[in-house]
Amino acid sequence: MKHALHVLLLMVALLAPAHAHADDAPPSVQAQVMPLLDEMMAAANAHDTDRFMALYSRGDALVVQFDDQTLRGWQTVRDQQDEWWAGGTSDAVYRYRSAPEITVIAPDVVSTLQSMEVASTMPDGKKGNVQVVATSVWRKLPEGWRIVVAHESLIQ
C-alpha cells in the first residue's frame, strides 16, 4: 500500500507542473488558423489578389491544383488568381456552404477543407452559382501559417 501511495504521489508531482503551464499554452492550432480562413474569405470577396496571396507560401515550392490545371510557384499562382479576378473587377461573391474543417496533422502542419458557393457572372453573361471545394495543406513557417499545397475543384 505504501508503494502505491508513493507511485500516486509521484504521478501527481509529475502532472502538477504540466497543469500549471496549461494556462501559458499557445492558442490551439484551430484557433490560429480559423482567422486566416476568415481573412482569405474577406480577401476573396474584395477580389484583392495580394491580400489573398499573403496567406500562401512564397517561393517555387508552392503547388496549387485547380481542377486539371497545376500551378507551381507563388508568382504563377498570384498571376493566375489576379487574372481570375480580372485585376480586382470580378463580381464573384463567396460564401461558405458549411463551416471549414481544420485537421491537425502535426504541430506545424494542418489541412483545411472548405466548401463554398460562388455567385458570379458566367462566361455567357448570365448570373449563376457554382460550388467550389478547396483542400489546403498549411505549414507553420517563421512568418506564420501559410498554404504550401492546395487543390480546388469547381462543381457545377
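Residues numbered from 1 in each chain as written. Predicted model: local features only at pLDDT ≥ 70, side-chain atom pairs only at ≥ 80, totals over all residues. Heavy atoms only, no water.

With that settled, consider the overall build of the protein chain. Helix and strand counts for the protein chain stand at four helices and seven strands. Mapped in sequence order, the helices and strands of the protein chain form the string α-α-α-β-β-α-β-β-β-β-β. Considering the protein chain as a whole, with its 156 residues, one finds that 36% of them fall into the buried category. Long-range pairs, those at least 24 residues apart, make up 48% of the contacts in the protein chain between residues at least 6 apart in sequence. Accessible surface, the protein chain: about 9,500 Å² in total, of which carbon and sulfur atoms supply 59%. (Helix = DSSP H or I, 4+ residues; strand = E, 2+ residues; numbered from the N terminus. Buried < 20%, exposed > 50% of the residue type's maximum accessible area, 1.4 Å probe, protein only. Contact = heavy atoms within 4.5 Å. Areas by Shrake-Rupley, 256 points an atom, 1.4 Å probe, with all protein chains shown as cover.)

Next up on the list: the confidence of the model for the protein chain. Low pLDDT means the predicted coordinates in that region are not meant to be read closely. Averaged over all residues, the pLDDT of the protein chain equals 85, while 83% of them reach at least 70. Residue range residues 1-26 is modelled with pLDDT below 50. Its contacts to residues more than four positions away, or to other chains, number zero contacts. (pLDDT = per-residue confidence, 0-100.)

Looking now at the packing of aromatic side chains. The full count for this structure, using the stated rule, is four aromatic pairs. Relative to Y56, the ring of F52 lies with its centre 5.6 Å away and its plane at 45 degrees, an arrangement referred to as tilted. The residues F52 and Y56 share a single accessibility class, namely buried. For the pair W85 and Y94, a centre-to-centre distance of 6.4 Å together with 75 degrees between the ring planes defines the contact as edge-to-face. Residue W85 shares its accessibility class with Y94, and that shared class is buried. Taken together, F52, Y56, W85 and Y94 form an aromatic cluster joined through their ring pairs. It is R58 that lies over the ring of W74; its NZ or CZ is 3.8 Å from the centre. (Phe/Tyr/Trp six-rings, centres within 6.5 Å; stacked < 30°, edge-to-face > 60°. Lys NZ or Arg CZ within 6 Å of the ring centre and 35° of its normal.)

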